[in-house]
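Reading the structure
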Amino acid sequence: MIFAIEEINNSTKLLPGVRLGYQIYDTCSSVPVATHVAFQLSNGQDPVFYKGSNCSLSGVVIAALGDSGSTPSISISRIIGPFNIPLVSHFATCACLSDKKQFPTFFRTIPSDHYQADALAKLVKNFGWTWIGAVHSDSEYGNNGMASFLGTALREGICVEYTESFYRTDPRNKIGAVADAIRRSTAVVVVAFTAAGDMKVLLEELDQQPPPPRQWIGSEGWITDPHLMSFSVCAGAIGVAIQQSVIPGLRNFLLNLSPPEVAASPLLSEFWEDAFNCSLTKSLNKRECVGTEDIKALKSPYTETSQLRVTNMVYKAAYAIAHAIHNAVCRKKNVTTQCDKNMHLEPKQVFTELKKVNFSQNGYHVSFDSNGDPVAFYEVVNWQKSESGVIEPVTVGYYDASLPRGQEFRINRNLTWLDGDTQVPVSVCSESCPPGTRKVLQKGKPICCYGCIPCPEGEISNTTDSPDCFPCPKEFWPNVKKDACVLKPVEFLSYEEILSIILVAFSFTGAFLAIITAGIFLYYRNTPMVRANNSELSFLLLFSLALCFLCSLTFIGAPSDWSCMLRHTAFGITFVLCISCVLGKTVVVLMAFKATLPGSNAMKWFGPPQQRLTVVSFTFIQVLICIVWLVVSPPFPVKNLTTYKEKIILECALGSAVGFWSVLGYIGLLAVLCFVLAVLARKLPDNFNEAKMITFSMLIFCAVWIAFIPAYVSSPGKFTVAVEIFAILASSFGLILCIFAPKCFIILFQPEKNTKKYLMKKT
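This is a predicted model, so every value here is computed, not measured. (Residues numbered from 1 in each chain as written. Predicted model: local features only at pLDDT ≥ 70, side-chain atom pairs only at ≥ 80, totals over all residues. Heavy atoms only, no water.)

1. Considering the overall build of the chain
Applied cut-off: Secondary structure counts use DSSP, requiring at least four H or I residues in a row for a helix and at least two E residues in a row for a strand, with both numbered from the N terminus. Atoms considered for the radius of gyration are the C-alpha atoms alone. The globule rule reads 2.2 Å times the number of residues to the power 0.38. Accessibility here uses a 1.4 Å probe with only protein chains present; expressed as a share of the type maximum, an area under 20% marks a residue as buried, one over 50% as exposed, and anything in between as partly exposed. Working rule for contacts: check all heavy atoms of both residues, and any pair within 4.5 Å makes them a contact.
Within the chain, the regular secondary structure consists of 22 helices and 24 strands. A compact globule built from 763 residues would reach a C-alpha radius of gyration of about 27 Å, whereas the chain, at 52 Å, exceeds it by more than 25%. Dimensions of the chain, computed from C-alpha atoms along their principal axes, come out at roughly 165 × 60 × 45 Å. Expressed as a percentage of its 763 residues, the buried residues of the chain come to 48%. Look at the contacts in the chain between residues 6 or more apart in sequence, and 65% of them connect residues 24 or more apart.

2. What to know about empty space enclosed by the protein
This is how it is decided: Lining residues are defined by having an atom within 4 Å of a point belonging to a cavity or pocket. Those points lie on a 1 Å grid over the protein atoms alone, cavities being sets where a 1.4 Å probe fits but cannot get out and pockets being open sets with protein on both sides within 12 Å along at least five of seven lines. Grid points are joined across faces, edges and corners, and a volume is the space filled by probe spheres set on the points.
Inspection of every chain in the model, using the stated rule, returns one cavity of 30 Å³ or more. Computed from the structure, the largest cavity encloses a volume of approximately 40 Å³. Forming the walls of the largest cavity are Phe492, Leu493, Phe555, Gly557, Pro559, Arg567, Leu650, Glu651, Lys718 and Val721. Those elements that place two or more of their residues in the lining of the largest cavity are β24 (648–653) and α21 (718–749).

3. Some points on the state of the cysteines
Worth spelling out the cut-off: Here, a disulfide means two cysteine sulfur atoms that sit within 2.5 Å of each other.
Counted according to the given criterion, the structure contains nine disulfides. In this model Cys94 forms its disulfide with Cys96; the gap between the sulfur atoms is 2.3 Å. Here the disulfide of Cys94 and Cys96 is right-handed, its torsion about the S-S bond being about 130 degrees. Assessed through its relative accessible area of 0%, Cys94 is described here as buried. Across the disulfide, Cys472 is cross-linked to Cys485 (sulfur-sulfur distance 2.0 Å). The sign of the -90 degrees torsion about the S-S bond sets the Cys472-Cys485 disulfide as left-handed. Taken together, the positions of Cys472 in the loop between β19 (470–471) and β20 (476–478) and Cys485 in strand β21 (residues 485–487) put the pair 13 residues apart, joining distant regions of the chain. Residue classification places Cys485 among the partly exposed residues on the basis of a relative accessible area of 24%.

4. Focus: the sheet that holds strand β22 (residues 490–491)
Going by this rule: Here, any two strands with at least 2 DSSP bridges between them count as paired.
Read from one edge of the open sheet, three strands run β22-β24-β23, paired in mixed fashion. Strands with a single pairing partner mark the edges of an open sheet, and in this sheet they are β22 and β23 (636–640). Where β22 meets β24, two bridges bridge the pair, whose relative direction is parallel. Counterpart to Val490 in the pairing with β24 is Ile648.

5. So, the sheet that holds strand β1 (residues 64–65)
Test applied: As a rule, the C-alpha atoms of each element are fitted with a line to give its axis, helices using only the stretch in contact, and angles between N-to-C directions run from 0 to 180 degrees.
With parallel pairing, the three strands of this open sheet are ordered in space as β1-β2-β3. Looking at strand neighbours, the two that pair on one side only are β1 and β3 (106–108), the edges of this open sheet. Direction of pairing for β1 relative to strand β2 (residues 87–89): parallel, over a ladder of two bridges. Opposite Leu65, over in β2, you have Val88 as the bridge partner. Those strands touched by helix α3 (residues 70–80) are β1, β2 and β3, and its axis lies near 165 degrees from that of β2.

6. Examining helix α4 (residues 113–126)
Filter applied, for reference: Expected helix span is given by 1.5 Å per residue-to-residue step, counting one fewer step than there are residues.
Between its terminal C-alpha atoms α4 stretches 19 Å, which fits the 20 Å expected from 14 residues at 1.5 Å a residue. For α4, the tally of buried residues reaches ten of 14 residues, placing the bulk of the element in the interior. Taken together, the buried positions of α4 are occupied by Asp113, Gln116, Ala117, Asp118, Ala119, Leu120, Ala121, Lys122, Leu123 and Val124.

7. Brief notes about unusual backbone geometry
Trans is the common state for peptide bonds, and a negative phi is the common state for residues other than glycine. Put simply, Gly66 and Asp67 share a cis peptide bond, and its omega is -10 degrees. Structurally, Asp67 is set in the loop between β1 and α3. The phi torsion at Asn84 lies on the positive side, around 60 degrees, for a residue other than glycine. Summarising the element assignment, Asn84 is placed in the loop between α3 and β2. Classification of Asn84 by relative accessible area gives partly exposed; the value is 27%. In this model, Asn334 sits at a positive phi of 55 degrees, which is unusual for a non-glycine residue. Among the secondary structure elements, Asn334 is positioned in the loop between β9 (330–333) and β10 (336–339).

8. What to know about the side chain of Ser185
Short version of the rule: Under this definition, polar contacts are N or O atom pairs within 3.5 Å; protein pairs additionally need one hydrogen-donor-capable and one acceptor-capable atom, and for neighbouring residues in sequence, both atoms have to be side-chain atoms.
For Ser185, the location among the structural elements is in the loop between α6 (172–184) and β6 (189–193). Only 3.1 Å separates the side chain of Ser185 from the backbone oxygen of Ile182, close enough to count as a polar contact. Residues contacting Ser185, with those up to four places away along its chain left out, are Glu161, Tyr162 and Arg214.

9. Structural notes on a nonpolar patch on the surface
Using the following cut-off: What goes into a patch is any residue over 30% in relative accessible area without a salt bridge, connected to like charges within 9 Å or, for nonpolar side chains (Val, Leu, Ile, Met, Phe, Trp, Tyr), within 5 Å. Each accessible area value is a Shrake-Rupley result obtained with a 1.4 Å probe; residue values ignore everything except the protein chains displayed when judging cover. Should a side-chain nitrogen of Lys or Arg be within 4 Å of a carboxyl oxygen of Asp or Glu, the pair is scored as a salt bridge.
A cluster of nonpolar side chains, contributed by Phe620, Leu624, Ile627, Val628, Val631 and Val632, occupies part of the molecular surface with about 600 Å² of accessible area. Considering the arrangement of structural elements, one finds Val631 in helix α18 (residues 608–632).

10. Regarding the environment of Gly372
Note on placement: Gly372 falls in the loop between β12 (364–367) and β13 (377–385). When the C-alpha positions of Gly372 and Pro111 are compared, they lie 9.8 Å apart, and in sequence the two are 261 residues distant.

11. Considering the nonpolar core
Put simply, the test is: Nine residue types can take part in a nonpolar core, namely buried Ala, Val, Leu, Ile, Met, Phe, Trp, Tyr and Cys, and a core is a set of them joined through side-chain atoms within 4.5 Å.
Phe571, Met698, Phe701, Trp705 and Leu735 are the most contacted members of the largest nonpolar core, which has 71 residues in total. Secondary structure elements with two or more residues in this core: α13 (498–523), α14 (528–531), α15 (535–551), α16 (561–595), α18, α19 (657–681), α20 (690–714) and α21. With 15 residues, α21 is the single largest residue contributor to this core. Look past the residues within four positions of Trp705 in its chain and what remains in contact with it is Phe571, Phe575, Leu664, Ala727, Ile728 and Ser731.

12. As for the pattern of salt bridges
One pass over the structure, following the stated rule, counts 13 salt bridges. The closest approach of N and O atoms between Glu156 and Lys122, which form a salt bridge, is 3.9 Å. Linking Glu156 in the loop between α5 (140–155) and β5 (159–166) with Lys122 in helix α4, this pair joins segments that are 34 residues apart in sequence. Of the charged contacts, one joins Arg168 and Asp198 as a salt bridge, the two residues approaching to 3.0 Å between their closest N and O atoms.

13. Re α15
For α15, built from 17 residues, the straight-helix expectation of 24 Å at 1.5 Å per residue is met to within 8% by its first-to-last C-alpha distance of 24 Å. Among the residues of α15, Leu537, Ser538, Leu541, Leu542, Ser544, Leu545, Ala546, Cys548, Phe549 and Cys551 are the ones counted as buried.

14. Some thoughts on the packing of α13 against α15
In helix packing, the relevant descriptors are the interaxial angle and the interaxial distance, both defined with respect to the helix axes. Note the following rule: The scheme is simple: roughly parallel for angles under 35 degrees, roughly antiparallel for over 145, roughly perpendicular for 65 to 115, oblique for anything else. The handedness criterion is simple: a crossing whose near helix is rotated anticlockwise from the far helix by less than a right angle is left-handed, and one whose near helix is rotated clockwise is right-handed. Each residue receives one of three labels: charged for Asp, Glu, Lys and Arg, nonpolar for Ala, Val, Leu, Ile, Met, Phe, Trp, Tyr, Cys and Pro, and polar for the others, Gly being one of them.
Where α13 contacts α15, the axes come no closer than 8 Å and their chain directions differ by 165 degrees. Viewed along their axes, α13 and α15 adopt a mutual orientation that is roughly antiparallel. Seen along the crossing, α13 lies across α15 with a hand that is left-handed. In this structure, α13 uses Phe506, Ser507, Phe508, Gly510, Ala511, Ala514, Thr517, Ala518, Phe521 and Leu522 to contact α15, whose residues at the interface are Ser538, Phe539, Leu542, Ala546, Phe549 and Leu550. The residue inventory of the contact of α13 with α15, partitioned by class, reads twelve nonpolar, four polar and no charged.

Function cannot be read off these values alone, since they describe shape.
Structure representation (structure tokens):
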């Protein structure tokens, strides 16, 4: 401060011709002493307190610089504030001092703890630490600073395992309790919002019984203090610090101390005696200083001016007051600046001008916002071992509150962590929940302590520590890890499947069997066996059976608009054609036996024309039903998303259920009618009664389709189609084998029975 004032007094640009005076008080970091000093400042330098119009103004103080601590600064500001005396602090950081209702005349060149708390919280968050411990000084600085930090940490999702407060004058057991809390905690990271003196007491206690390795996060109050860097328990500490700077000319000013100057100042005398281990006065305990001590050869923090931090805050505070006074008493005329030395300057004028100061000194900008605070800028420092093996603070990043939100914090160098490790330590209450799981809070524990459970069926989470799982879109399904949605596989009865190949093989076998049978009947068409079985209806029946076998192929493959309409209508029409032929053959058998009775002319009314008309009529009715179905509400392809959650069933929707069951119902009606007639004709006398074979075939047909209904309703997905194909093939094979196999066997292997005499023989 003395250097800055002398530099100002020697300046030709700032307050030219005006000299600033000063008086230095030591508050000893004590509130009572600070209060006493504040009253002295308010009362002026006169030993007598005057009242009334004769109030002396000879010693009025127009501005004060200090104090270093927040608590003394609060006391001083409350006392001198009503007199409009501005107080500019270089190290009081309590956010409470930004309250202009309580401290209207308070200014500072160091940022508020509001920003420091934000910087510390972002520092913790940046490295993924969500489970921390916290200790702080039991003072305005520590209490308010930690309160701001805890609020910011909560918003950032950081949990605090414990919060301990202490003061350097506390009893030993109180300090020991704080140390024990650090030792037994599970949090690896400890945030310490303390003054340097308080931190020294705590580290001395921890040094007696070192805790497990801890990563210390420090506030600017102690993180750059060189006296604390000898404690091994804090190796690798990281924190925020005031921006380091260089003040030109300060080193030479400090090294030019002369013994007379030292002897004239109690403060310098104490420093001199401590630095050179001698006494300026006669003493029994120390040797007497001889005056040849060379301060330039001294290696101490006093002579180290390359990394000034707090000192620069004092320097800027002195210049801020000087600029305020300059703006109040000086006016620029043409190219020169003239100052009114005799102007009666009130503290209120300096206070008013301090609000408006805006200048740069040695490259460092100085201004105050509406709360009396400067723009917040911190360096992020890390305790690293130098090449000489000495621990020193190294700048590894910065925090700039003037940058856009989210860009304030930046790390730009490698860090050294606890125990000299280069890997970022882990400090979490619970391990992170990987993608595919979600967090579940544990009862009675902080939000950072949680369990991880897999996402439920059909849901995923694609981020670490996801609080919730979300469902996949309709046509998507979670992958095995449940961290991404993938397209559901589309399932239908394709030609590449083993089941389809087997069904196709049976389909072609049945069609081939029908063609072979037709060939046999054609070749032996003039034999009694063929002639006796109504060859015209037999050939039509075999043709319809071949179509029945082949229509099952339309059920295989990916459904389309045309295949969905074709498969059901083709199946309905071909089966009605088939059953109509069987029904015609059954009626022919009945009519044939009735025609043998005397006076009967039954065959006259059911000859070949009537048989053809019967088949055409029954088939035409089914054709009409199918046409109505296709016109009103035809079958169409649809993606079935409900039967299976994990896959899509590509199938044919019926369109109109009434249409589908009408087609099946009509087939069933004809089959039942045919079965009843065949049963009535089964005992008619003849050695080869076709009605018996029709009865068996219809019995199989009806059994298959009765069993088909529950199987069709209950079969899922592509198996619904497989059941339908199986029913078509089974009933078709039942018809061809029961009706035509015995005849082919006699024709081919028992030709002796293929005679009219054998066939007419009664049994």
